[in-house]
Amino acid sequence: MKNKVLLFSFFLLYASIPTNAREVGLGYYKHKGTCSCSDAESIVKSVVEEALKKDRGVGAALIRLLFHDCFVRGCDCSVLLDKSARNPYPEKQAKINIGLGGFEVIDEAKILLEKRCPGVVSCADILAFAARDAVEILNGIGYNVTAGRLDGKVSSASEADQNLPPPTFNRQQLEDLFVTKKGLTVEDLVVLSGAHTIGQSHCSSFTNRLYPNIDPTLDRDFANNNLRMQCPQNAYVDGVVNLDHVTPDALDSQYYKNVLDLNTLFSSDWSLLTSQETRDLVVEYATKPGDWEADFAVSMPKLSNLNLITNPAEGEIRKCCRAVNNY
Ligand code: HEM
Ligand SMILES: *[C@@H]1O[C@H](CO)[C@@H](O)[C@H](O)[C@H]1NC(C)=O
């Protein structure tokens, strides 16, 4: 009897030793074998479609959620982890994550996928698929993302603060973060900033440009007639304002026209005018139809692939996207 128990525990030990790093690839869940879950991508897509039918704003939330996940410890869904007794300050608690949303969409897809193929599809992959689907539904811009990401076990508010850009960043600071720290390009920075063509911001994220004086890098009329109206000084509640006041719900290249017109909310947006290279790109995307869409479909997969965890010792397939497995 004792021997049997011993043998069995050796078996368990063996079975739990990770042998190979996961391989990341296209159509990952369609492959045969233990990692199969052929409906994974279509299930995620139908959940995203339903969510956007009810509220298009969820699309913006999902795109920002991917960015805020991938810049902090890579695309490991660390952003979804809720605070717990063991981890009272996860990324969600960081001030820089103000207004973050779309969590419920990931939860819902995960619940359906756990019924269909338990323990197979990572939350990090669900988020990458969901952001891609949101982009496609909003604009028709299609791109492929590989899969096979593992979910991380660590989530820290201070790491979010260290790895995400505040709206006050200047161009040099943005380039240091995107290029030097994250290995993206200046073009990726300009292209991805175009996501500020949809969605909303809290007043508190930019009222420093409105009061006491209007920031000279902000158009005076826009500030007076639009932003100051929507965000009164010393307001009791922190209101929300559309990022793109011309075509607020359209995932289009209007953002770049707004940048040229000094009609964007954040000084980080304006700062794209402060070097020849970034300014030239802004002008290109503002004036050449189709250029931004084509480049967005290149930069988004790069964002979706930042610093993936492929070593099973460092990651897992979470059962619930809001908590690590051995909670
Ligand atoms: C370049 C540096 C960036 C800065 C400084 C920045 C800053 C911000 C800020 C302050 C907000 C408003 C948060 C609030 O007050 O509620 C916001 C919203 C948003 N950001 Fe960024 N962001 C940057 C880059 C990006 C990138 C790369 C993406 C995606 C590819 C992105 C997508 C979005 C979206 C879609 C929203 C609206 C979210 C919603 O309506 O739910 N941003 N950003
Ligand atoms: C995505 O990959 C599939 C299969 O490899 C391919 O047929 C399709 O054209 C790709 N889509 C895009 C937008 O690149």
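In this text, all values refer to a predicted model and were calculated from it rather than measured experimentally.

Before going further, it helps to spend a moment on the environment of Gly102. Looking at the element boundaries, Gly102 is found in the loop between helix H3 (57-70) and helix H4 (103-116). Along the primary structure Gly102 and Val58 are separated by 44 residues, whereas in three dimensions their C-alpha atoms are 5.8 Å apart. If near-sequence neighbours (up to four positions away) are discounted, Gly102 is found in contact with Ala61, Leu62 and Leu65.

Further remarks concern the confidence of the model for the protein chain. Summary statistics for the protein chain give a mean pLDDT of 92 and a share of 91% for residues scoring 70 or more. Below pLDDT 50 for its whole length, residues 1-20 participates in three contacts with residues either more than four positions away or in separate chains.

In this section: the environment of Leu189. Mapped onto the elements, Leu189 comes out in helix H8 (residues 186-193). Along the backbone, Leu189 and Leu177 are twelve residues apart, and their C-alpha atoms lie at a distance of 9.5 Å. If we skip the residues at most four places from it in the chain, Leu189 touches Leu174, Glu175, Phe178 and Leu272.

This brings us to the coordination of the iron atom of ligand 1. If you check the protein contacts of the iron atom of ligand 1, you find one donor only, His196 (NE2), at 2.1 Å. Within the secondary structure layout, His196 lies in the loop between H8 and strand S1 (200-202).

Bringing the site of ligand 1 into the picture now. Near ligand 1 lie 26 residues; those nearest to it are His196, Gly199, Gln200, His202 and Ser205. One of the side-chain N or O atoms of His196 is found 2.9 Å from a nitrogen atom in ligand 1. With respect to ligand 1, the side chain of His202 contributes an N or O atom lying 2.7 Å from an oxygen atom. Elements with a contribution of two residues or more to the shell around ligand 1: H3, helix H7 (171-181), H8 and S1.

Before going further, it helps to examine the pattern of salt bridges. Going through the model one piece at a time under the given rule, you end up with 14 salt bridges. Arg116 is the partner of Asp39 in a salt bridge, and the nearest nitrogen-oxygen pair spans 2.2 Å. With Asp39 in the loop between helix H1 (2-16) and helix H2 (40-54) and Arg116 in helix H4, this residue pair connects regions lying 77 residues apart in the sequence. Judged by relative accessible area, Asp39 falls into the partly exposed class, the value being 27%. Ionic pairing is found between Asp82 and Arg322, a salt bridge with its closest N-O pair at 3.3 Å. Within this pair, whereas Asp82 is found in the loop between H3 and H4, its partner Arg322 is found in the segment after helix H13 (291-304), the two being separated by 240 residues in sequence. Taking relative accessible area as the criterion, Arg322 reaches 23% and is therefore assigned partly exposed.

For the rest of this paragraph, the subject is the state of the cysteines. What the rule picks out here adds up to four disulfides. What pairs with Cys123 in a disulfide is Cys321, and their sulfur atoms sit 2.1 Å apart. Handedness of the Cys123-Cys321 disulfide follows from its S-S torsion of about -95°: it is left-handed. A residue pair is termed long-range when its members are at least 10 positions apart, and Cys123 in helix H5 (residues 123-139) and Cys321 in the segment after H13 qualify at 198 residues. On the accessibility criterion, Cys123 (0% relative accessible area) is buried. This cysteine, Cys77, is not joined by any disulfide, and Cys123 carries the nearest cysteine sulfur, 5.0 Å off. In this structure Cys77 comes out as buried when scored by relative accessible area, which is 0%. Unpaired in this structure, Cys320 has its nearest cysteine sulfur neighbour in Cys321, at a distance of 6.5 Å. Overall, Cys320 belongs to the partly exposed group, its relative accessible area being 37%.

The next thing to look at is helix H9 (residues 220-230). Listed in full, the buried residues belonging to H9 are Phe222, Ala223, Asn226 and Leu227. Looking straight down H9, one finds that the buried residues subtend no more than 125° of arc, so they occupy a single side. With respect to the buried face of H9, the exposed residues turned more than 90 degrees away are Arg220, Asp221, Asn225 and Met229. For H9, the elements touching its buried residues are strand S2 (240-242). For H9, the N-terminal capping position is held by Asp219, with its side-chain oxygen 3.3 Å away from the main-chain nitrogen of Asp221.

Each value, and the rule that gives it
Residues numbered from 1 in each chain as written. Chains lettered and ligands numbered in written order. Predicted model: local features only at pLDDT ≥ 70, side-chain atom pairs only at ≥ 80, totals over all residues. Heavy atoms only, no water. Helix = DSSP H or I, 4+ residues; strand = E, 2+ residues; numbered from the N terminus. Contact = heavy atoms within 4.5 Å. pLDDT = per-residue confidence, 0-100. Donors = N, O, S within 2.8 Å, 3.2 Å for Na, K, Ca; no water. Near = heavy atom within 4 Å. Polar contact = N/O pair within 3.5 Å; in protein donor to acceptor, adjacent residues only side chain to side chain. Salt bridge = Lys/Arg side-chain N within 4 Å of Asp/Glu carboxyl O. Buried < 20%, exposed > 50% of the residue type's maximum accessible area, 1.4 Å probe, protein only. Disulfide = S-S within 2.5 Å. Arc of directions from axis to C-beta.

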